[in-house]
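Chain residues, written in single-letter form:
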Amino acid sequence: MTTEIAEPASKIELPESVGGDIPSFEITLKVRRYNPEVSDEAYWDEWKLTMYGTDRVLDALHKVKWEHDGSVTFRRSCGHGVCGSDAMRINGRNRLACKTLLKDLDTSKPILVEPIKGLPVEKDLIVDMEPFFQSYREIMPFLISKGHEPTKERLQSAEDRERFDDTTKCILCAACTSSCPVFWTDGQYFGPAAIVNAHRFIFDSRDDAGDMRLEILNDKEGVWRCRTTFNCSEACPRGIQVTKAIAEVKQAILSRSV
Ligand code: SF4
Ligand code: FES
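Novice: Looking at this model, I keep getting lost on helix H1 (residues 57-67). Mind explaining?
Specialist: Every α-helix carries 3.6 residues per turn, so stepping three or four residues along brings you back to the same face. Within H1, 8 of the 11 residues are buried, which leaves the element mostly enclosed by the surrounding structure. If you check which residues of H1 are buried, you get Val 57, Leu 58, Asp 59, Ala 60, Leu 61, His 62, Lys 63 and Val 64. Those residues of H1 that are buried lie in contact with strand S1 (24-33), strand S2 (43-52), strand S3 (87-90) and strand S5 (111-114).

Novice: Honestly, the environment of Arg 213 in this entry has me stumped. Any pointers?
Specialist: Its place among the elements puts Arg 213 in helix H6 (residues 210-217). Counting along the chain gives 12 residues from Arg 213 to Phe 201, while the straight-line C-alpha distance between them is 8.7 Å. Not counting the four nearest positions on each side in its chain, Arg 213 is found in contact with Ile 139, Met 140, Ala 198, Phe 201 and Ile 202.

Novice: I'm lost on unusual backbone geometry in this one. Help?
Specialist: Note on backbone geometry: most residues besides glycine have negative phi, and most peptide bonds are trans. Unusually for a residue other than glycine, Met 140 sits at a positive phi of about 55°. Its identity as a non-glycine residue notwithstanding, Ala 174 has a phi of 75°, on the positive side. In this fold, Ala 174 is placed in the loop between helix H3 (158-162) and helix H4 (181-185).

Novice: Can you help me understand the site of ligand 1 in this one?
Specialist: Around ligand 1, the structure places 16 residues, and the nearest of them are Cys 170, Cys 173, Cys 176, Ala 193 and Cys 236. The residue makeup of the shell around ligand 1, split by class, is 14 nonpolar, 1 polar and 1 charged.

Novice: Even after reading the chapter, I still don't get the environment of Pro 131, so can you show me in this structure?
Specialist: Following the sequence through the fold, Pro 131 ends up in helix H2 (residues 130-138). Residue classification places Pro 131 among the partly exposed positions, given that 18 C-beta atoms sit within 10 Å. Those residues in contact with Pro 131 that sit more than four places away from it in its chain are Leu 119 and Gly 187.

Novice: Looking at this structure, I do not really get the domain arrangement of the protein. What am I missing?
Specialist: Accessible area lost upon the coming together of the parts serves often as the stated size of an interface. Its domain assignment divides the protein into domain 1 (21-127) and domain 2 (130-143 + 161-255). Once you take the C-alpha centre of each, domain 1 and domain 2 turn out to be 28 Å apart. Counting residues at the interface gives 13 residues for domain 1, matched by 14 residues for domain 2. Broken down by element, the residue count for the side of domain 1 that touches domain 2 peaks at 3 residues, all from strand S4 (residues 93-96). Residues of the side of domain 1 that touches domain 2, tallied by class, amount to 6 nonpolar, 4 polar and 3 charged.

Novice: For this particular structure, what's the right way to read the nonpolar core?
Specialist: The nonpolar side chains of a soluble globular protein tend to be buried with one another. Judged by nonpolar contacts, the single largest core of 59 residues is most densely connected at Ala 60, Ile 195, Leu 217 and Val 249. Considering every element that reaches this core, the biggest residue donor is helix H5 (residues 192-202), with 7 residues. In terms of domain composition, this core takes at least three residues from each of domain 1 (21-127) and domain 2 (130-143 + 161-255). Residues in contact with Val 249, not counting those within four places in the same chain, are Ile 195, Ala 198, His 199, Ile 202, Leu 217 and Val 223.

Novice: Any chance you could explain the confidence of the model for the protein here in plain terms?
Specialist: Mean pLDDT over the protein works out to 92, with 91% of the residues at or above the 70 mark. Every residue in residues 1-15 scores below 50 in pLDDT, and together they form 14 contacts with partners more than four places removed in sequence or on other chains.

Novice: Please clarify how the sheet that holds S1 should be interpreted in this entry.
Specialist: Across a sheet, paired strands are connected by hydrogen bonds in the backbone, their directions being either parallel or antiparallel. Across the sheet, 5 strands lie side by side as S2-S1-S5-S3-S4; this open sheet has mixed pairing. The outermost strands of the open sheet, each flanked by one partner alone, are S2 and S4. Averaged over neighbouring strand pairs, the angle between their axes works out to 35° when direction is ignored. With 10 bridges joining them, S1 and S2 adopt antiparallel strand pairing. For Lys 30, the partnering residue across the bridge sits in S2 and is Glu 46.

Novice: What should I look at first to understand the pairing of S5 in this one?
Specialist: Regular strands place their side chains on alternate faces of the sheet. Pairing between S1 and S5: 3 bridges, direction parallel. Each bridged residue has a counterpart across the sheet, and for Lys 30 the counterpart in S5 is Leu 112. Pairing of S3 with S5, which is carried by 2 bridges, proceeds in the antiparallel orientation. Residue Arg 89 lies in a different strand from S5, and its bridge partner there is Glu 114.

Conventions we followed
- Residues numbered from 1 in each chain as written.
- Chains lettered and ligands numbered in written order.
- Predicted model: local features only at pLDDT ≥ 70, side-chain atom pairs only at ≥ 80, totals over all residues.
- Buried ≥ 20, exposed ≤ 12 C-beta atoms within 10 Å, placed from the backbone.
- Helix = DSSP H or I, 4+ residues; strand = E, 2+ residues; numbered from the N terminus.
- Contact = placed C-beta atoms within 7 Å.
- Near = placed C-beta within 6 Å.
- Nonpolar A, V, L, I, M, F, W, Y, C, P; charged D, E, K, R; others polar.
- Domains from an automatic or database assignment.
- Core = buried A, V, L, I, M, F, W, Y, C linked by C-beta atoms within 7 Å.
- pLDDT = per-residue confidence, 0-100.
- Pairing = 2+ DSSP bridges.
- Axes fitted to C-alpha atoms, helices over the stretch in contact; angles between N-to-C directions.

Listed below in structure tokens is the structure:
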């Protein structure tokens, strides 16, 4: 059995008949590099690349890694906005590299790519996600129900399902948490993503542990640390109304006895 190595999208030669000429353009990609095995200092590296109208920042990073410098290090898995592994700062804004088309950026200037903020950088664009997932684990992101196991599916009305629909869309990319100024200065803060995932169960009519989660988030490092800067909502690649979800959790704490 042979294993085929996938080529980057920018190297695929489409036939002329598919859309005629494929418009190409030049970009300068600047990537924040850091390798603690070599130096404690981070620095900028840059490459001039020929890219195409359908290429994304992820394709440019692949082109660099596969054709120029194999040591450039970043995470990605699905390549299509599903796994949440390639959140990074692109021109100063948190985005998914796989969902950011180069043609939508100002290509007359260098495109700056840096690791997300507030989490320790391990190498180049890779950060240590453990503090992020620690907060996620603490809010118990799973259904908790009392009593006996049901003998058939747990029924829920369409209205009850709608109540937490928005927060089911989270892909745990950390774009929200790492865009939050409170999280930058206080790494103990649960952060928007943990609260979003708590919201997903707190407002689920089938779950019985809402009060426990509200008590956890009533902590001094919980929802009350939020300063409503809306950075999180702007950063979310899934369009989740993160700040609204945090406000609803605050309201639930105030209206329930915790
Ligand atoms: S709420 Fe949005 S930005 Fe935050 S982790 Fe989930 S998908 Fe990413
Ligand atoms: S690579 Fe999976 S979300 Fe971007």
